[in-house]
Amino acid sequence: MTQNQSPNPSPKPWEHTKSGSGSGSDPLAARFVSSLDYDKRLYTHDIRGSIAHAQMLEHVGLITADELKEIERGLNEIKTEIDEQGDAWPGWKVELEDVHMCIEAALIEKTGDAGRKLHTGRSRNDQVALDIQLWVYDALYGSESGYQSSLDYKLTSLARSFIKLAEDCGHHVMPSYTHLQRAQPIVVGGELLAWAETIKRCIDRVHACYEELHVELPLGSGAIAGSSLPLDRDYVFKILGKLTPTHNSIEATASRDVAIDFVYALTMTSMWLSRWAEQWIIYSTTEFGFITLDDLYTTGSSMMPQKQNPDMLELIRGKTGLVYGSLMALLTMCKGLTIGYNRDLQEDKRHVFTAYDAVCDCLDMATRIVKTTKFNEARIKQGLDRGFLDATSLAEYLVTKGVPFRTSHQVVGKLVQMCRDKGYEKLSLLKLEDFNAVCSEKSGKTLVENDVYDWLGPENVVKRYQTAGNAGVSGFEQQLAAWKERLGGGAE
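Keep in mind the model is a prediction, meaning the values are calculated, not measured.

Before we go on, may I ask you to explain the pairing of strand β2 (residues 181-187) in this structure?
Consecutive side chains of a regular strand alternate in pointing toward one face of the sheet and then the other. Direction of pairing for strand β1 (residues 173-178) relative to β2: antiparallel, over a ladder of five bridges. Bridged to Thr178 within β2 is Gln181.

Looking at this model, I keep getting lost on a negative patch on the surface. Mind explaining?
The grouping of Glu212, Glu251, Asp257 and Asp261 at the surface amounts to a negative patch. One can find Glu212 in helix α9 (residues 188-215). Glu212 gets classed as partly exposed once you look at its relative accessible area, which sits at 41%.

What exactly am I supposed to notice about empty space enclosed by the protein here?
To find leftover empty space, a probe the size of one water molecule is rolled over the atoms. Counted under the stated rule, the structure contains one cavity of 30 Å³ or more. Volume-wise, the largest cavity comes out at about 40 Å³. Lining the largest cavity, in full, are Leu158, Phe162, Trp195, Thr198, Ile199, Trp272, Leu273 and Trp276. Secondary-structure elements contributing two or more residues to the lining of the largest cavity are α8 (151-169), α9 and α12 (257-283).

Help me understand the packing of aromatic side chains in this model?
In this description, a pair of aromatic rings is defined by centroid distance and the angle of the planes. Per the stated rule, a full pass over the model turns up 19 aromatic pairs. When the centroid spacing of 6.1 Å and the interplanar angle of 90° are considered together, the rings of Phe162 and Trp276 count as edge-to-face. Pair noted here: Phe162 is in helix α8 and Trp276 is in helix α12, with a separation of 114 residues, a long-range link. Here Phe162 and Trp276 have matching classes, each one buried. Of the aromatic side chains, those joined through ring pairs into one cluster are Trp135, Phe262, Phe353 and Tyr356. Directly above the ring of Phe353 sits Arg41, whose terminal nitrogen or CZ lies 4.5 Å from the centroid. Its guanidinium or amino end placed over the ring of Trp455, Arg464 lies 3.9 Å from that ring's centre, counting from NZ or CZ.

Got a minute to help me understand helix α20 (residues 473-486) in this structure?
Residue pairs three or four apart in sequence face the same way in an α-helix, which turns once every 3.6 residues. In this model, α20 (14 residues) spans 20 Å end to end at C-alpha, consistent with the 20 Å of a helix rising 1.5 Å per residue. Taken as a whole, α20 has its buried residues at Val473, Gly475, Phe476, Leu480 and Trp483. Viewed end-on, α20 has its buried residues packed into an arc of 155°, placing them on one side of the element. Once α20 finishes, Gly488 follows within two positions and takes phi at roughly 80°, a positive value.

Just checking my understanding: could you explain the packing of helix α13 (residues 311-335) against helix α14 (residues 348-372) for this structure?
Packed helix pairs are specified by the crossing angle of their axes together with the interaxial distance, meaning the distance between the axes. Two elements in contact, α13 and α14, have axes whose closest approach is 9 Å; the angle formed by their N-to-C orientations is 155°. Relative to α14, α13 is oriented roughly antiparallel. The element α13 and its partner α14 pack so that their crossing is left-handed. Along the contact surface, α13 presents Met312, Leu313, Ile316, Lys319, Leu322, Val323, Ser326, Ala329, Leu330 and Met333, while α14 presents Asp348, His351, Val352, Thr354, Ala355, Ala358, Val359, Cys362, Met365, Ala366 and Ile369.

I'm lost on the environment of Leu363 in this one. Help?
Assignment of secondary structure puts Leu363 in helix α14. Through-space distance from the C-alpha of Leu363 to that of Ser270 is 8.7 Å; in sequence the pair is 93 residues apart. With near-sequence residues (within four places) excluded, Leu363 lies in contact with Leu151, Lys154, Leu155, Leu158, Thr269 and Leu273.

Help me understand the packing of helix α3 (residues 43-59) against helix α7 (residues 124-141), please; the structure alone is not making it clear to me.
Running from amino to carboxyl end, α3 crosses α7 at an angle of 120°, the nearest separation of the two axes being 9 Å. In terms of their interaxial angle, α3 and α7 are classed as oblique. As α3 packs across α7, the resulting crossing turns out to be right-handed. Residues His45, Asp46, Arg48, Gly49 and Ser50 of α3 lie in contact with α7, whose contacting residues are Gln127, Leu130, Asp131, Leu134, Trp135 and Asp138. Its residues assigned to classes, the contact of α3 with α7 shows three nonpolar, four polar and four charged.

Sorry, what's going on with the nonpolar core here?
Among soluble globular proteins, nonpolar side chains are generally buried collectively. Of all hydrophobic cores here, the largest spans 116 residues; its most connected members are Trp135, Leu151, Phe162, Phe262, Trp276, Trp280 and Phe375. Leaving out residues up to four positions away in the same chain, Trp280 has contacts with Phe162, Leu165, Leu192, Trp195, Ile291, Leu293, Leu313, Ile369, Val370, Thr373 and Phe375. In this structure, Val411, Cys419, Leu427 and Leu456 belong to the second largest nonpolar core, which totals 22 residues.

Quick question: what am I supposed to make of helix α10 (residues 233-240) here?
Those residues of α10 that sit buried are Arg233, Val236, Phe237 and Leu240. All buried residues of α10 lie within an arc of 90° about the axis, which places them on one face of the element. Structurally, α10 contributes buried residues whose contacts are with α3, α7, β3 (216-217) and β4 (244-245). Measuring from the backbone nitrogen of Asp234 back to the side-chain oxygen at the start of α10 gives 3.4 Å, which picks out Asp232 as the cap. Positive phi appears at Gly241, one or two residues downstream of α10, with a value of about 80°.

Whenever I open this one, unusual backbone geometry confuses me. Can you help?
Note on backbone geometry: most residues besides glycine have negative phi, and most peptide bonds are trans. Located in the positive-phi region is Glu97, a residue other than glycine, with phi close to 80°. Of note, the phi angle at His179 is positive, near 60°, even though the residue is not glycine. A relative accessible area of 77% places His179 in the exposed class.

In this structure, what is going on with the pattern of salt bridges? I would like to understand it.
Where charged atoms from two side chains of opposite charge come close, those side chains can pair. Tallied over the entire structure, the rule returns 24 salt bridges. Two residues, Lys154 and Asp364, come together in a salt bridge whose shortest N-O distance is 3.0 Å. Here the residue Lys154 occupies a position in helix α8, and Asp364 occupies one in helix α14, the gap between them amounting to 210 residues. Asp364 sits in the partly exposed class, given a relative accessible area of 30%. Measuring nitrogen to oxygen at the nearest pair gives 2.7 Å for the salt bridge that ties Asp348 to Arg256. With Asp348 in helix α14 and Arg256 in the loop between α11 (249-254) and α12, this residue pair connects regions lying 92 residues apart in the sequence. The pair Asp348 / Arg256 is uniform in exposure class, with both members buried.

Analysis parameters
For every chain, the first residue of the written sequence is number 1, and numbering continues from 1 onward in sequence order. Note on the predicted model: pLDDT of at least 70 is required for a residue's local features to be given, and 80 or more for side-chain atom pairs to be given and counted; whole-chain, interface and lining totals, by contrast, use all residues. Side-chain figures throughout are based on the complete set of non-hydrogen atoms in the structure, without hydrogens or water. Strand pairing is assigned whenever DSSP identifies at least 2 bridges connecting the two strands. What counts as a helix is a DSSP run of H or I of at least four residues, what counts as a strand is a run of E of at least two, and both are numbered from the N terminus. Patch membership is restricted to residues that have no salt bridge and whose relative accessible area is over 30%. Joining uses 9 Å for like charges and 5 Å for the nonpolar side chains Val, Leu, Ile, Met, Phe, Trp and Tyr. Accessible surface area values rest on a Shrake-Rupley calculation with a 1.4 Å probe, where residue burial reflects the displayed protein chains alone. For this document, the term salt bridge refers to a Lys or Arg side-chain nitrogen within 4 Å of an Asp or Glu carboxyl oxygen. In this tally, Asp and Glu contribute negative charge and Lys and Arg positive charge; neither His nor the terminal groups of the chain are included. Throughout, a charge is located at the NZ atom of Lys, the CZ atom of Arg, the CG atom of Asp or the CD atom of Glu. Residue burial is assigned from relative accessible area. The probe radius is 1.4 Å, only protein chains are included, and a residue is buried under 20% of its type maximum, exposed over 50%, and partly exposed in between. With a 1 Å grid laid over protein atoms only, a set of points is called a cavity when a 1.4 Å probe fits there but cannot get out and a pocket when it is open yet has protein on both sides within 12 Å along at least five of seven lines; lining residues have an atom within 4 Å of a point. Grid points are joined across faces, edges and corners, and a volume is the space filled by probe spheres set on the points. Two aromatic rings, drawn from Phe, Tyr or Trp (for Trp, its six-membered ring), form a pair once their centres lie within 6.5 Å of each other, and the interplanar angle then sorts them: stacked below 30 degrees, edge-to-face above 60, tilted otherwise. Put simply, a charge is over a ring when the Lys NZ or the Arg CZ is close to the ring centre, within 6 Å, and near the line of the ring normal, within 35 degrees. The length a helix should cover is 1.5 Å for every residue beyond the first. Directions drawn from the helix axis to the C-beta atoms are what define this arc. Where helices are involved, their axes are fitted lines through C-alpha atoms of the stretch in contact, as for all axes, and angles between N-to-C directions lie from 0 to 180°. Roughly parallel here means an angle under 35 degrees, roughly antiparallel means over 145, roughly perpendicular means 65 to 115, and every remaining angle is called oblique. Crossing handedness is defined as follows: a turn of the near helix away from the far one that is anticlockwise and smaller than a right angle gives a left-handed crossing, while the clockwise case is right-handed. Contacts between residues were defined by any pair of non-hydrogen atoms, one from each residue, lying within 4.5 Å. Polarity classes work like this: nonpolar for Ala, Val, Leu, Ile, Met, Phe, Trp, Tyr, Cys and Pro, charged for Asp, Glu, Lys and Arg, and polar for all others, with Gly in that last group. What we call a nonpolar core is a set of buried Ala, Val, Leu, Ile, Met, Phe, Trp, Tyr and Cys residues that are connected through their side-chain atoms within 4.5 Å. A 3.5 Å cut-off defines polar contacts: any pair of N or O atoms within that distance qualifies, except that in protein one atom must be a possible hydrogen donor and the other a possible acceptor, and neighbouring residues in sequence count only when both atoms are side-chain atoms.

Shape is all these values report; function is a separate question.
Printed below as a string of structure tokens:
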């Protein structure tokens, strides 16, 4: 037996207490416990964490400088091989169960005992907890593949697209809706900036996930209780660029809060994307006709030649259920576990990756749709007088004349009914005596003067809003300026 040979070799080096080959002897058991089909994408993070761990082991004297060089050489070679070969890398072996053991086995083949020393003071429990946190960090802000692959970038790009569309057509007047019924007049930019604001909140959740990641990482906790070896956890985290190790080794290996927080942020993003998609699906119908979607992002019918269906928007809406399912799966997985590591947690990555991939695709698609959609000002304007959108403005006019709002609400309700009785679609078609007759009936005063007509009509109303954050002209222009400053000069 040579120096680099291990006595009693086993397909699974963590099952030496078993007779035979352990769970590896049953193909179903080997496949059942394997996570390679989804955790292979952690290989760069596993290697990064392993190099940091090895450097710490050399720092505290548990391996030599030469052994560290061998480990670093071997791991860097493995990374290059996987970068080039991907799923075809021969080191992926289902009997080794996961990315961690496949990389370690390949390292041992390259370096012998130096590779066998890498796992000193380390468990797959703290190793995988570290890997998923490193992966989430890169998913939030980008990695070797660049910032453009990050969730933060994709969200910011979508926000910029809304801002650019608002710059182009933001002053067009349109109805707003509550209960999907016409409410008050607004400008198109007011609604577009509302969607941008929802994306900003999604970005804020991304930053909140970062704050969680930036404080504590789990490597050095071992399987559950730590190690009797003189591991320097602070040294590892200086290498990794983080602040401090976790405070409690048991919690560190048992927790998946970062994964759940991350998928929650994805879930909220998906929810808002779904609400936006629903709105634009409605706006694109023949009945509304408020927007025209680019042909690239609609599909035809297999039977009806004239159809242009908003399938991309519908799929954004539909994929929300997948993302919701990932969050519920993670929460359900964790709800009944004891405080130590349990193998159930192996499944966390499946749901994290599924939710992330779905949301990233939806964000990319949403950005392209927003960039190419046109608001149809003429079509919107044709029906702008329907629904008495200026009714609230008239009530507020009466308030400026000293009428209590509840009374003015009754007055305007009566005037709307008068218009309907007369076949009018505009309050401005009423005469001063009509206004004052109802006003006198309800309040005992005749207060309406010619200036009332300056308060009526959607185009006049959107110019009169003055509260902070309003969806009229002043609010839109203030918000647009703030957004352009926030984004560093404007939209893309």
